[in-house]
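Coordinates in review
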Amino acid sequence: MRLLVALDPGLRECGIALFDLDTGELLVAGMPTNFESKARGLAAWASMATATAAFVSSFLEPLRAAGEAVAIVVVSECPQVYTAGKSKGDPNDLIELAGVVGRVAGALGATSERSVLPREWKGTLNGDVMVERIKSRLDERPCEHLRVQLPRAQDKQHNVWDAVGIGLHALGRLAPQKVFPR
């Protein structure tokens, strides 16, 4: 089995979505949490990588117990510095995100890694509009909606949807659909 792990990195929590790379099917999506809430730097990166690897392992253990070999491909949103007028927060925090991505890919034993910039996978769409587009792509395969584990906190749910969107983009399932007049 070839597994695509889509990651929306964060220092305190990561949105993550697992897809079967051969069928393009969403297997599970959720948001592991870093319980080392005060940690910074290497300690925080390692803790987030451990939480993310545990989330993935809970899905992989039955496959590996059955003797199935699993190759893992990681695709992650790449932290990006914007110009001063469009920047939010401290740009130094992006260094932390880059560290998380590296540690997560290493912890998962990824056979391949790829990163995408936010503009590459979601363009300039408003976040709420993009979430609706992502949901509409899951509507094409109804059982996929049931595999999305959203956090209770409403303001954190976008992390999971972003991870699903990054995975759908990597699989070619997120592109705008063209409607042609008759």
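The structure this text deals with has already been given above.
Let us look at the structure shown here. Note that the structure is a prediction, hence the values are computed from the model and not measured.

1. Details of the pattern of salt bridges
Inspection of the entire model under this criterion finds 6 salt bridges. Linking arginine 2 and aspartate 22 is a salt bridge whose minimum nitrogen-to-oxygen distance equals 2.9 Å. Within this pair, whereas arginine 2 is found in strand β1 (residues 2–8), its partner aspartate 22 is found in the loop between β2 (15–20) and β3 (26–30), the two being separated by 20 residues in sequence. A relative accessible area of 41% means that arginine 2 is categorised as partly exposed. Owing to a relative accessible area of 52%, aspartate 22 belongs among the exposed residues under this scheme. As a salt-bridge pair, arginine 173 and glutamate 144 come within 2.9 Å of each other at their nearest N and O atoms. Here the residue arginine 173 occupies a position in the segment after α5 (157–171), and glutamate 144 occupies one in the loop between α4 (127–139) and α5, the gap between them amounting to 29 residues.

2. Description of the state of the cysteines
Taken as a whole, this structure holds 0 disulfides when the rule is applied. For cysteine 14, which is in no disulfide, the shortest distance to another cysteine sulfur is to cysteine 78 and amounts to 14 Å. Overall, the relative accessible area of 0% leaves cysteine 14 in the buried class. On the basis of relative accessibility, which here comes to 26%, the residue cysteine 78 falls in the partly exposed class.

3. Topic: the packing of α4 against α5
Relative to each other, α4 and α5 sit at 60 degrees, their axes nearing to 10 Å. Between α4 and α5, the crossing angle belongs to the class labelled oblique. In the crossing of α4 with α5, the sense of the turn from one axis to the other is left-handed. When α4 is examined against α5, the residues Val131, Ile134, Lys135, Arg137 and Leu138 are found in contact with a partner set consisting of Trp161, Val164, Gly165 and Leu168.

Thresholds applied
- Residues numbered from 1 in each chain as written.
- Predicted model: local features only at pLDDT ≥ 70, side-chain atom pairs only at ≥ 80, totals over all residues.
- Heavy atoms only, no water.
- Salt bridge = Lys/Arg side-chain N within 4 Å of Asp/Glu carboxyl O.
- Helix = DSSP H or I, 4+ residues; strand = E, 2+ residues; numbered from the N terminus.
- Buried < 20%, exposed > 50% of the residue type's maximum accessible area, 1.4 Å probe, protein only.
- Disulfide = S-S within 2.5 Å.
- Axes fitted to C-alpha atoms, helices over the stretch in contact; angles between N-to-C directions.
- Parallel < 35°, antiparallel > 145°, perpendicular 65-115°, else oblique.
- Left-handed = near helix turned anticlockwise from the far one by under 90°.
- Contact = heavy atoms within 4.5 Å.

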